[in-house]
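Letter by letter, the chains look like this.
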Amino acid sequence: MRPIACRYDPVEVSFTSDSKRESFEFLREATSKPIPGLENCNVFDPRSVGVPWPTSLPAAAQCKYWKEAEDAAAVMMNQIVSASAGEQGSLPSEMASLKLKAAKRLELLDTSVAAPMNMFPAANAPRARIMAEANLLIFVHDDVVESTEEMTIIDSALADIVSPDSKGADKLWKNSIFNEFSQEVIREDPVVGPLFLKGILNWVQHTREQLPASMKLNTLSEYIVYRIGDFAVDFCDAALMLTCEIHLTPSEMEPLETLHRLYMTHFSLTNDLYSYNKEVYAMQETGAALINAVEVLETTLNVSSRAAKVILRAFLWDLEFQVDEELKRLQGAGLCPSQWRFARGMVEVMAGNLFYSATCVRYARLIAA
């Protein structure tokens, strides 16, 4: 199991359930016996390693190949920092500071491994490396876009694909770092690989078309619609297919629509709950926009941030019950093996996202905020 650097609860209010109902039985069973599809995972109860676990999800899974992922992320980071300015693109502002550069580099490396190894744990070794590299590119862009419109590596890749001479996801990218990464992805999975790359670039385009500073959201429902779009749905779907080694067509995804909506809502709002202090700090230090479900609840309900966090956690708890009910309904819906694997994978992502968030240095270093 990957070493745990910190343990973090953004709410610090105990959430327990007296219900005798047992949810997500496949995850519970996987802690004590082999479950098909989780061969590349360590499955465990986070409470057994002292991680705050205020959820009905009984366990989390972590990819066994996290060391390989760390190596791949480190190689790509070295490529980026040693590249010319035109190749490396815009980097987070801390990377320009002698005082802050080393810490920011370590934070990006940790996050780019911890996120996919916990959220998409079914990956084999080559796909674990790909997931770490993709997340490094994504987190670098995410930090940059909070405060500037300067182009990152994946901005330049997006510019390539929308150019008149673009030939699609199998083209030769002008940026050598992204080109090398894209060829690795396509070699590993010629079917899902192009969808995976397109998912990354669709998210980049979304971040540039809907800059946070220009957003004004008045209700939680309105916010959730925006947030799910902001949360790289295409990329997350392709990542789940890539790591589970399956492929679903749009028509095959249709029976999973309700579960998928609940899952993406839980996924995105969990991120909001745990990243809120980080986002407040970014707003105070750099003027970055604060667009977060906690802030929406604070404003619309006229409550403190602490109360808003408690409300949001209760909302997430209820979403879990809805997910479990829908998963049980789907058991009798005649899904094909790949559909059922995707359905189960969404639950694995939810659990992994909670574990990642509760152990994330990127969030926990601002616990006093």
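A brief look at the structure comes next. (Residues numbered from 1 in each chain as written. Predicted model: local features only at pLDDT ≥ 70, side-chain atom pairs only at ≥ 80, totals over all residues. Heavy atoms only, no water.)

1. Quick word on the overall build of the protein chain
So, step 1. Assigned secondary structure in the protein chain consists of 16 helices and 2 strands.
So, step 2. In terms of overall dimensions, the protein chain is globule-like: its C-alpha atoms have a radius of gyration of 20 Å, near the 21 Å expected for 369 residues.
So, step 3. Projected onto the principal axes, the alpha-carbon positions of the protein chain cover approximately 60 × 45 × 35 Å.
So, step 4. Looking at the 369 residues of the protein chain, the share that counts as buried comes to 55%.
So, step 5. Pairs at least 24 residues apart make up 75% of the contacts formed inside the protein chain by residues separated by at least 6 positions.
So, step 6. Roughly 15800 Å² of accessible area belongs to the protein chain as shown, and the carbon and sulfur atoms make up 53% of that amount.
So, step 7. For the protein chain, the distance from the average position of its 34 positive side-chain charges to the average position of its 49 negative side-chain charges is 4 Å. (Helix = DSSP H or I, 4+ residues; strand = E, 2+ residues; numbered from the N terminus. Rg over C-alpha atoms; globule rule 2.2 N^0.38 Å. Buried < 20%, exposed > 50% of the residue type's maximum accessible area, 1.4 Å probe, protein only. Contact = heavy atoms within 4.5 Å. Areas by Shrake-Rupley, 256 points an atom, 1.4 Å probe, with all protein chains shown as cover. Lys, Arg positive; Asp, Glu negative; His and termini not counted. Charge placed at Lys NZ, Arg CZ, Asp CG, Glu CD.)

2. With respect to the environment of T55
So, step 1. Tracing the chain through its elements places T55 in the loop between β1 (41-44) and β2 (60-63).
So, step 2. On the basis of relative accessible area, T55 is assigned to the buried category, the value being 7%.
So, step 3. For the pair formed by T55 and R313, sequence separation is 258 residues and the distance between their alpha carbons is 8.9 Å.
So, step 4. Once residues lying within four places of it in the same chain are set aside, the contact partners of T55 are W317, E320 and L354.
So, step 5. Looking at T55, its side chain comes within polar contact range of the side chain of E320, at 2.9 Å. (Polar contact = N/O pair within 3.5 Å; in protein donor to acceptor, adjacent residues only side chain to side chain.)

3. So, the pattern of salt bridges
So, step 1. One pass over the structure, following the stated rule, counts 19 salt bridges.
So, step 2. One salt bridge in this structure joins D143 and K104, with 2.6 Å as the shortest N-O distance. Taken together, the residues span a long stretch of sequence, with D143 in helix α5 (residues 125-145) and K104 in helix α4 (residues 101-119) at a distance of 39 residues. Exposure class is identical for D143 and K104. Each is buried.
So, step 3. For E326, the salt bridge is made with R329, and the minimal N-O distance between the two is 2.7 Å. (Salt bridge = Lys/Arg side-chain N within 4 Å of Asp/Glu carboxyl O.)

4. What to know about the packing of α4 against α5
Axis angle and axis distance: for two packed helices, these are the angle between their axes and the distance between the axes, and together they describe the pair.
So, step 1. Here α4 crosses α5 at 130 degrees, and the two axes come no closer than 8 Å. One element, α4, and the other, α5, form an angle in the oblique class. The crossing of α4 and α5 is right-handed. For the pair α4 and α5, contact is made by K104, E107, L108, T111, S112, V113, A115, P116 and M117 and by A128, M131, A132, N135, L136, F139, V140 and D143, respectively.
So, step 2. Its residues placed into classes, the contact of α4 with α5 shows 11 nonpolar, 3 polar and 3 charged. (Axes fitted to C-alpha atoms, helices over the stretch in contact; angles between N-to-C directions. Parallel < 35°, antiparallel > 145°, perpendicular 65-115°, else oblique. Left-handed = near helix turned anticlockwise from the far one by under 90°. Nonpolar A, V, L, I, M, F, W, Y, C, P; charged D, E, K, R; others polar.)

5. Overview of the side chain of R127
So, step 1. In this fold, R127 is placed in helix α5.
So, step 2. Residues in contact with R127, not counting those within four places in the same chain, are E188, D189, L242 and E245.

6. Quick notes on the packing of aromatic side chains
So, step 1. As enumerated under the stated definition, the model contains 7 aromatic pairs in all.
So, step 2. Plain terms: the ring middles of Y223 and Y226 are 6.2 Å apart, the flat faces sit at 55 degrees to each other, and that makes the pair tilted. With Y223 and Y226 both in helix α9 (residues 220-230), this residue pair falls 3 residues apart, about one helical turn. Comparing Y223 with Y226 shows no difference in burial state: the two are buried.
So, step 3. Aromatic side chains Y263 and F267 sit 5.9 Å apart centroid to centroid with 35 degrees between the ring planes, which places their arrangement in the tilted category. Here Y263 pairs with F267, and both are found in helix α12 (residues 257-286), just 4 residues apart, close to one helical turn. The same class applies to Y263 and to F267, which are both buried. (Phe/Tyr/Trp six-rings, centres within 6.5 Å; stacked < 30°, edge-to-face > 60°.)

7. Things to note about unusual backbone geometry
So, step 1. With phi around 55 degrees, F24 is a residue other than glycine that occupies positive phi space.
So, step 2. For F24, the location among the structural elements is in the segment before α1 (25-30).
So, step 3. Phi at N302 takes a positive value of approximately 55 degrees, unusual for a residue other than glycine.
So, step 4. Topologically, N302 is positioned in the loop between α13 (293-301) and α14 (305-330).
So, step 5. For N302, a relative accessible area of 71% corresponds to the exposed category.

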